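# Inside the fold
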Amino acid sequence: MVVQVTDATFEAEVLKADKPVLVDCYADWCGPCKMMAPVLEKMSDVFGDKMKFCKINVDDNQEAIEPYRVMSIPNFLFFKNGEVVKNVIGGMAPKDFEKNIREVLGL
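Below is a summary of the structure that appears in this document.

## Quick look at the packing of aromatic side chains
- The final tally for this structure, using the stated rule, is 4 aromatic pairs.
- When the centroid spacing of 4.9 Å and the interplanar angle of 65° are considered together, the rings of F76 and F97 count as edge-to-face. Note that F76 is positioned in strand 4 (residues 75-80) and F97 in helix 4 (residues 94-105), a separation of 21 residues in sequence.
- Each residue in the set F10, Y68 and F79 is aromatic and connected to the rest through ring pairs, giving one cluster.

## Some thoughts on the pairing of strand 2 (residues 21-26)
- Counting buried positions over the 6 residues of strand 2 gives 6, a clear majority of the element.
- Taking every second residue as pointing to the same face, both faces of strand 2 are buried, with V21, V23 and C25 on one and L22, D24 and Y26 on the other.
- In this sheet, strand 3 (residues 52-57) lies alongside strand 2 in parallel orientation, the contact comprising 6 bridges. What sits directly across from Y26, in strand 3, is N57.
- For the segment spanning strand 2, helix 2 (residues 31-47) and strand 3, crossover handedness is right-handed.
- Relative to strand 4, strand 2 is paired through 5 bridges, and the arrangement is antiparallel. In the strand pairing of strand 4, L22 is matched with F78.

## A closer look at the packing of helix 2 against helix 4
- At a closest axis distance of 10 Å, the pairing of helix 2 and helix 4 adopts a crossing angle of 40°. Here helix 2 lies oblique to helix 4, going by the angle between them. Between helix 2 and helix 4 the crossing geometry is right-handed. Contacts between helix 2 and helix 4 involve M36, V39, L40, M43 and F47 from the former and P94, F97, E98, I101, R102 and L105 from the latter.

## Structural notes on the state of the cysteines
- Within this structure, the stated rule accounts for 1 disulfide.
- One disulfide bridge connects C30 with C33, the sulfur atoms lying 2.4 Å from each other. Linking C30 and C33, the disulfide has an S-S dihedral of approximately 80° and is accordingly described as right-handed.
- On the basis of relative accessibility, which here comes to 4%, the residue C30 falls in the buried class.
- For C33, a relative accessible area of 3% gives the class buried.
- A disulfide-free cysteine, C54 has its sulfur positioned 10 Å from the sulfur of C25, the nearest such atom.
- Take C54: its relative accessible area is 0%, and that puts it in the buried class.

About the cut-offs
- Residues numbered from 1 in each chain as written.
- Predicted model: local features only at pLDDT ≥ 70, side-chain atom pairs only at ≥ 80, totals over all residues.
- Heavy atoms only, no water.
- Phe/Tyr/Trp six-rings, centres within 6.5 Å; stacked < 30°, edge-to-face > 60°.
- Helix = DSSP H or I, 4+ residues; strand = E, 2+ residues; numbered from the N terminus.
- Buried < 20%, exposed > 50% of the residue type's maximum accessible area, 1.4 Å probe, protein only.
- Pairing = 2+ DSSP bridges.
- Right-handed = clockwise from strand over helix to strand, strands pointing away.
- Axes fitted to C-alpha atoms, helices over the stretch in contact; angles between N-to-C directions.
- Parallel < 35°, antiparallel > 145°, perpendicular 65-115°, else oblique.
- Left-handed = near helix turned anticlockwise from the far one by under 90°.
- Contact = heavy atoms within 4.5 Å.
- Disulfide = S-S within 2.5 Å.

Right under this line is the structure:
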């Protein structure tokens, strides 16, 4: 399950989460973002017990992501204990996306 977060819910859903969090920074008009959406859903099914998966629309929620200097989308921010531990920009093959997740989880 992928959780939609906003400026109002970002702190509770992401920064205070009790497990690692992947945040997909996207926009509705972004082609590569649309291509990555089903990959994100699939990875949430596979790794959802170990990592929380979230999405934030950068057009509607700039306040929450401003500290992370998101300049290009899709941008995937990996958090542990409220801190970014990995930042991956751009669309990618599912196997490469999974590799990034496994790396963050130490698998």
